[in-house]
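These are the residues of each chain, in order.
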Amino acid sequence: MKHTTSFLAALAVGALTATVAASETELTVYTAVEAEDLARYAETFNQSNPDIKINWVRDSTGIITAKLLAERDNPQADVIWGLAATSLLLLKSEGMLEPYAPAGVDKLDAKFVDGDNPPAWVGMDAWVASVCYNTVEAEKAGLKPPTSWKDLTDPMYKDQVIMPNPNSSGTGFLDVSSWLQMFGEEGGWEYMDALHENIARYTHSGSKPCKLAAAGEIPIGISFAFRGAKSKADGAPLEIIVPSEGVGWDMEATAIVAGTANLEAAQKLVDFTVTKEANEMYNTGYAVVAYPGVAKPVEHFPEGLLDAMINNDFEYAANNRAAILKEWQSRYDGKSEAK
Amino acid sequence: MSTMSTNQDTLPAGPDIRPRLSRDDILMRGSMMVIALYLIVTLALPLYTMLSKSFSTYRVELSQYEFQVSDEAGVFDGTILTADELNRQLGVYSDTDLTTGSDGRLPVTGFFPDFSFRSPVMYQMRNTTEAGRFLVGSTLNEGTDWVELDSNTFRRVQMRPVQARGLGNFINYFSTPALFNSIKNSLWISVVSTIVTVTLAFWFAYALNRSCMRFKGAFRLIAMAPILVPSLLPGIALVYLFGNQGMIKELLFGASIYGPIGIVIGSVFFTFPHAFLIISTALAISDARLYEAAVSLRSTPWRTFWTVTIPGARYGLISAAFVVFNLVITDFGLPKVIGGQFNVLAVDIYKQVIGQQNFEMGAVVSVVLVIPAILAFGIDRMVQSKQVALLSARSVPYQATPNPKTDRIFLIYCSLIGLFIVGLLAVCQFAALIKFWPYDLSLSLKNYQFNKMDGGGWGSYFNSIKLAFLTAVIGTTVVFFGAYLVEKSNGFKTGRSIFQMFAMLPMAIPGMVLGLSYIFFFNNPSNPFNAIYGTMAILVICTVTHFYTVSHLTAVTALKQMDKEFESVSASLKQPTMKLFARVTVPVCLPAVLDISIYLFVNAMTTVSAVVFLYSPKTTLASIAVLNMDDAGDIAPAAAMGMMIFYTNAAARIVHLIASKGILARTQAWRSR
């Protein structure tokens with residue numbers, strides 16, 4: 001009898017510790033994913049991993065990146081889930097990421113995985129540049145829809161275009177870096193010189209040009225496709241144009257922060273982020289995801305977007321970021337003073 | 001003579017007479033030290049950290065890198081080349097190229113004129129010290145081991161800078177026209193806004209104090225309304241009025257509202273109450289005898305105006321001008337919303353820190369912004385100290401006489417100003433209720449679904465209320481107690497004047513600068529106060545410190561009206577000072593205490609600049625949500641949230657009014673016999 005009680009007690013204690021251990025793993029996850037998607041992401045993850053609790057820390061790309069860099073010597077995050085790859089490259093070059101090859105990473109499109117082995121980060125979905133074109137306002141101003149980036153330099157669009165400032169916006173930077181890659185260093189700057197003549201103003205954020213186009217503040221906003229599709233769904237008279245030369249893109253990606261105390265749980269989370277299930281989840285908002293064959297067309301997304309995505313060299317973008325921004329600032333931020 | 005000195009030598013030394021410090025004195029000095037320490041930790045140290053950050057530069061140290069180059073067959077002959085030497089021979093990088101930001105990178109292939117990525121030549125590279133860093137692709141190499149690379153990989157090598165100290169950031173700043181042009185822009189819009197606001201506010205105050213116009217009470221109320229909203233709200237209203245889809249954009253005759261025009265109009269809106277209050281106080285006091293003399297000397301009204309009215313109000317005018325100047329030059333929200341391509345200093349700080357993660361350059365711009373702010377503040381203080389009593393015992397208060405013609409003109413003028421203020425607020429409220437401007441004008445509450453937007457949703461609204469309450473309670477306690485100690489403790493002159501100086505300092509420090517300096521100071525793992533970073537506590541502390549000066553001055557003014565005899569009487573009755581403080585001083589000064597708390601509450605609700613760097617995802621604020629929603633292009637929800645702040649502040653004001661009436665009736669009964 002005595003034997004059994006102690007056995008039962010041991011069992012109870014064992015079960016207790018097990019449940020405590022199971023429910024006690026909490027991960028601090030930094031993210032720039034849209035606020036309305038976060039609950040859904042955590043829920044889907046917890047269906048297969050009920051023992052790991054995610055504490056989200058969400059803000060815009062620039063602010064989360066600044067936060068991570070500021071915490072360089074005293075990291076607070078365990079995992080980064082959903083931050084621009086260019087930002088993750090910046091963190092990688094500071095030695096802040098823990099390389100890890102998640103189970104099943106080989107199934108992903110190689111374009112979406114860091115080149116190192118084991119990779120420092122893995123991609124989730126792509127975030128593609130596009131032009132938002134307000135048909136109502138354009139008609140009022142007597143404009144013809146542009147079909148290419150070069151079209152936008154036509155004098156007919158003078159002061160009719162808004163684009164994000166690459167110094168503050170990730171979308172703005174991916175536009176600039178894609179032009180430099182597509183048209184070459186010299187051709188790229190020449191293109192921007194011409195485009196600058198037509199720009200009404202540069203905004204701080206990347207989604208604002210499209211929202212301004214949606215609200216008719218300006219006929220043409222250089223932004224990204226996802227934003228355009230959302231505004232169109234809200235009833236804005238928008239057409240989303242994919243310029244014929246090709247479009248720049250960045251991806252949302254996932255990485256483990258070096259020095260995390262919860263490495264095992266962090267790895268489980270990253271394992272989940274590359275699964276087919278997770279990619280299907282990303283597909284609700286993003287037309288292009290890392291897992292081949294998963295993506296279903298998203299409503300209001302322009303056609304031919306996937307083919308238009310340029311072969312983006314993220315390393316070039318990250319390593320030349322400081323120099324490009326400096327050049328951009330001296331050319332356009334200074335010049336616009338004269339107005 | 002000699003006998004006297006002998007006498008002195010022989011006499012025993014008398015007792016050294018020094019006033020004894022009572023326990024009360026020690027307690028008061030101790031408490032004063034605690035509050036002074038608070039100001040040092042929350043103000044002086046962060047500012048010092050920021051200043052030192054502005055001298056922290058990043059530089060690529062070429063002496064830290066060594067190379068070996070193989071022949072075509074891939075064999076190394078052991079010759080070691082340093083980057084420093086190669087650069088001296090070839091002149092690849094100039095000194096300014098080597099000084100960069102924390103994110104700077106420099107490729108190395110330039111050191112090898114024969115380099116081709118197709119060549120079979122191999123390279124080896126290493127750091128000579130542990131501090132050296134270079135990237136291969138995006139992988140960081142920090143060790144001192146040799147790394148062997150083929151030509152195609154070698155072109156992906158980037159040298160990374162290490163931290164140094166020097167004036168590099170300032171040199172960089174002044175050699176970037178895009179940056180230092182902002183100085184000119186900031187000064188320009190501040191001067192224009194100051195002239196316009198002071199002129200408009202002067203006539204408004206004149207009408208309210210020197211005419212027999214009707215509806216004075218209503219106008220006074222309207223003039224104070226802008227204080228209740230964040231400075232970026234007028235910017236949003238102007239977008240709806242004069243933007244490309246604006247309701248009355250024709251009035252601008254094709255000019256763009258995005259830029260200096262928008263900033264000036266918005267600045268006039270949000271600085272108007274400040275200028276109006278100061279000038280109104282100056283105009284309220286005047287001696288009727290001067291006007292009688294002017295009339296008997298047959299001076300024209302115009303001449304009287306310039307020789308009597310303006311000189312009488314000159315200190316008020318100057319003070320108002322500098323206060324407005326300071327508010328405009330340090331304001332961040334308005335130029336962020338409506339500035340377009342017109343760069344100003346406060347927005348530059350934000351762009352450097354949030355956009356480019358260039359904290360050092362942010363610190364440099366902060367230092368640049370502090371200079372005009374401190375100058376304006378210093379001149380204002382100097383002018384105020386010169387102000388002498390205009391009213392002597394023999395003065396006769398001036399009373400306006402009705403004049404139907406001028407009264408009507410003033411009524412029209414004040415109505416126009418009132419229309420401007422109420423109009424901008426009404427436009428915001430209207431915009432918040434429209435479904436999709438300008439394509440779907442049906443009314444809806446869709447823009448109040450803050451949880452679906454950036455900025456933290458409804459949670460940020462409740463956070464703001466929490467912040468405002470905490471700031472009001474804690475701030476009032478600290479400020480009033482501090483002011484009491486400074487005013488009423490005995491002796492200890494040096495300590496008290498140093499404390500006074502510290503208490504005045506926050507007024508001269510722009511909110512952006514304070515916020516940024518808090519990042520540098522509190523977000524340092526070795527700082528014992530590091531734990532408060534990212535919490536509500538740091539927001540409360542920052543807000544209390546930011547608005548310390550005006551609260552302190554209000555408290556000091558109230559305390560000065562209390563006779564020192566209270567202290568003497570309580571001392572002779574052997575009552576502890578703290579008892580006196582609680583039983584007499586606080587109840588007597590209750591009007592001032594309530595004023596301070598409502599001032600702190602309202603400002604905590606509307607402040608953007610100081611807290612924009614300090615909020616965390618758990619402590620997002622309503623005012624920041626307005627900024628972020630506008631930034632993301634959700635302008636109508638931003639207007640909706642801005643109006644929520646307005647209604648909350650207006651409600652707080654009304655509660656404050658009712659509470660004051662109730663409490664004052666009981667505590668201030670002694671004032672009326």
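Residues numbered from 1 in each chain as written. Chains lettered and ligands numbered in written order. Predicted model: local features only at pLDDT ≥ 70, side-chain atom pairs only at ≥ 80, totals over all residues.

S.K.: Explain the overall build of chain B to me, and be specific about the residues and the numbers.
M.R.: Secondary structure assignment for chain B yields 26 helices and 13 strands. Each principal axis of the C-alpha atoms in chain B carries an extent, and together these give about 105 × 100 × 50 Å. Buried residues in chain B amount to 46% of all 673 residues. Taking contacts inside chain B between residues at least 6 apart in sequence as the whole, the part at least 24 apart equals 80%. (Helix = DSSP H or I, 4+ residues; strand = E, 2+ residues; numbered from the N terminus. Buried ≥ 20, exposed ≤ 12 C-beta atoms within 10 Å, placed from the backbone. Contact = placed C-beta atoms within 7 Å.)

S.K.: Any chance you could break down the overall build of chain A for me, citing the residues and the numbers?
M.R.: The number of helices and strands found in chain A is 13 helices and 10 strands. For chain A, the residues scored as buried account for 52% of the 339 residues in total. Looking at chain A alone, contacts between residues at least 24 apart form 75% of all its contacts between residues at least 6 apart.

S.K.: Explain the domain arrangement of chain A to me, and be specific about the residues and the numbers.
M.R.: Residues and elements named next belong to chain A. By domain assignment, chain A separates into domain 1 (19-126 + 250-297) and domain 2 (127-249 + 310-338). Domain 1 and domain 2 are separated by 28 Å when their C-alpha centres are compared. Of the residues lining the interface, 15 residues belong to domain 1; the matching set on domain 2 comes to 11 residues. Among the secondary structure elements, those contributing two or more residues to the side of domain 1 that touches domain 2 are α3 (61-70), α4 (85-92) and β10 (249-257). Per-element tally for the side of domain 1 that touches domain 2: the top contributor is α4, with four residues. Of the residues contributing to the side of domain 1 that touches domain 2, the split by class is eight nonpolar, five polar and two charged. (Domains from an automatic or database assignment. Nonpolar A, V, L, I, M, F, W, Y, C, P; charged D, E, K, R; others polar.)

S.K.: Talk me through the domain arrangement of chain B; I want residue IDs and the actual numbers.
M.R.: The figure often quoted for interface size is the accessible area lost as the parts come together. Looking at chain B, the domain boundaries give domain 1 (62-163), domain 2 (177-386 + 406-443) and domain 3 (453-671). Measuring from the centre of the C-alpha atoms in domain 1 of chain B to the corresponding centre in domain 3 of chain B gives 55 Å.

S.K.: Explain the nonpolar core to me, using residue names and the numbers behind them.
M.R.: Core analysis: the largest hydrophobic core is formed by 283 residues, its most contacted members being V79 of chain A together with I236, I279, C428 and M641 of chain B. Beyond its immediate chain neighbours, meaning those up to four positions away, M641 of chain B contacts F450, Y461, A622, A625, V626 and M629 of chain B. In terms of nonpolar packing, the next biggest core, distinct from the first, is built from 16 residues, A83, M122, F134 and V157 of chain B among them. (Core = buried A, V, L, I, M, F, W, Y, C linked by C-beta atoms within 7 Å.)

S.K.: Quick one: what's the story with the interface of chain A and chain B, residue by residue and with numbers?
M.R.: On the chain B side, the residues contacting the 49 residues of chain A number 44 residues. Secondary structure elements with two or more residues in the side of chain A that touches chain B: α2 (35-48), β2 (52-58), α3, α4, β7 (199-203), α7 (208-214), α12 (314-319) and α13 (321-333) of chain A. The residue makeup of the side of chain A that touches chain B, split by class, is 15 nonpolar, 17 polar and 17 charged.

S.K.: Outline the sheet that holds strand β7 (residues 134-136) of chain B, supporting the account with residue identities and numerical values.
M.R.: All names here are of chain B. Taken together, four strands build an open sheet; the order of strands is β5-β10-β7-β8 and the sheet is antiparallel. Of all the strands in the sheet, the pair left with one neighbour each is β5 (106-107) and β8 (139-141). Inspection of the sheet shows β5 paired to strand β10 (residues 157-159) by two bridges, in the antiparallel sense. Opposite P107, over in β10, you have Q158 as the bridge partner. (Pairing = 2+ DSSP bridges.)

S.K.: Can you tell me about unusual backbone geometry, naming the residues and giving the values?
M.R.: Omega for the bond connecting N117 of chain A with P118 of chain A falls within 30 degrees of zero, at -5 degrees, which places this linkage in the cis form. Of note in this structure, D159 of chain A is not a glycine but carries a positive phi near 60 degrees. Tracing the chain through its elements places D159 of chain A in the loop between α5 (135-141) and β6 (161-164). With 15 C-beta atoms counted inside 10 Å, the residue D159 of chain A sits in the partly exposed group. The phi torsion at K574 of chain B lies on the positive side, around 55 degrees, for a residue other than glycine. As for its placement among the helices and strands, K574 of chain B is situated in the loop between α22 (565-572) and α23 (577-588).

S.K.: Tell me what's going on with the pairing of strand β1 (residues 25-31) of chain A, and back it up with residues and numbers.
M.R.: Residue and element names in this part refer to chain A. Both β1 and β2 contribute to a ladder of seven bridges, which runs parallel. Bridge pairing links Y30 to V57 in β2. As a crossover connection, the stretch from β1 through α2 into β2 is right-handed. Where β1 lies against strand β3 (residues 79-84), two bridges are found, and the strand directions are parallel. Residue pairing for β3: Y30 is matched across the bridge by I80. (Right-handed = clockwise from strand over helix to strand, strands pointing away.)

S.K.: Let's hear about the sheet that holds strand β11 (residues 162-165) of chain B: which residues, and what values?
M.R.: In space, the three strands of this open sheet follow the order β4-β1-β11 (chain B), with antiparallel pairing throughout. Each edge of the open sheet carries a strand with a single partner, namely β4 (99-100) and β11 of chain B.

S.K.: Let's hear about the pairing of β6 of chain A: which residues, and what values?
M.R.: All names here are of chain A. The alternating pattern of β6 places V161 and M163 and I162 and P164 on opposite faces, both of which are buried. Two strands pair when backbone bridges link them, and β6 and β7 are joined in this way by four bridges, in the parallel orientation. Bridging across to β7, I162 finds its partner in R201. Note that the unit made of β6, helix α6 (residues 170-196) and β7 has a crossover that is right-handed. As judged from the two bridges shared by β6 and strand β8 (residues 220-224), these two strands associate in the parallel manner. Looking at the pairing, I162 lines up with G221 of β8.

S.K.: I'd like a rundown of the confidence of the model for chain B, residues and numbers included.
M.R.: All names here are of chain B. Summing up the model confidence of chain B, the mean pLDDT is 89 and the portion of residues at 70 or higher is 96%. When pLDDT is averaged over each element of chain B, helix α20 (residues 536-546) comes out on top at 96 and helix α1 (residues 2-10) at the bottom at 52. This stretch, residues 1-5, has a pLDDT under 50; its non-local contacts, to residues over four places away or in other chains, come to zero contacts. Interface confidence for the predicted complex, expressed as ipTM, amounts to 0.81; the pTM equals 0.86. (pLDDT = per-residue confidence, 0-100.)

S.K.: Give me the environment of G495 of chain B: which residues, what numbers.
M.R.: Position of G495 of chain B relative to the elements: it lies in helix α18 (residues 493-508). The sequence separation of G495 of chain B and V308 of chain B amounts to 187 residues, and the corresponding C-alpha distance is 42 Å.

S.K.: Please give an account of the environment of S31 of chain B that cites residues and values.
M.R.: Relative to the helices and strands, S31 of chain B is located in helix α2 (residues 23-54). Taking the C-alpha atoms as reference, S31 of chain B lies 8.8 Å from F481 of chain B; in sequence the two are 450 residues apart.

S.K.: Talk me through the confidence of the model for chain A; I want residue IDs and the actual numbers.
M.R.: Residues and elements named next belong to chain A. The share of residues in chain A with pLDDT of 70 or more is 91%, and the mean pLDDT across the chain is 86. At the low end of the mean pLDDT range in chain A sits helix α1 (residues 2-24), at 45; at the high end sits helix α9 (residues 263-273), at 95. Low pLDDT, under 50, characterises residues 1-22; the stretch is placed with one contact to residues that sit more than four places away or in other chains. Overall, residues 335-339 carries pLDDT values under 50, and its contacts beyond four positions in sequence, including any with other chains, amount to three contacts.

S.K.: Can you explain the packing of α18 of chain B against helix α21 (residues 548-560) of chain B? Please cite residues and give values.
M.R.: Packed helices, taken two at a time, are described by the angle their axes make and the gap between the axes. Residue and element names in this part refer to chain B. In the contact formed by α18 and α21, the axes pass within 7 Å of each other and the chain directions differ by 135 degrees. Relative to α21, α18 is oriented oblique. Contacts between α18 and α21 involve A503, M504, P506 and M507 on the former and, on the latter, Y548, T549, V550 and H552. Residue composition of the contact of α18 with α21, by class: six nonpolar, two polar and no charged. (Axes fitted to C-alpha atoms, helices over the stretch in contact; angles between N-to-C directions. Parallel < 35°, antiparallel > 145°, perpendicular 65-115°, else oblique.)

S.K.: Requested: an account of the environment of D307 of chain A, with residues and values cited.
M.R.: Position of D307 of chain A among the secondary structure elements: in helix α11 (residues 305-308). A count of 8 C-beta atoms within 10 Å places D307 of chain A in the exposed class.

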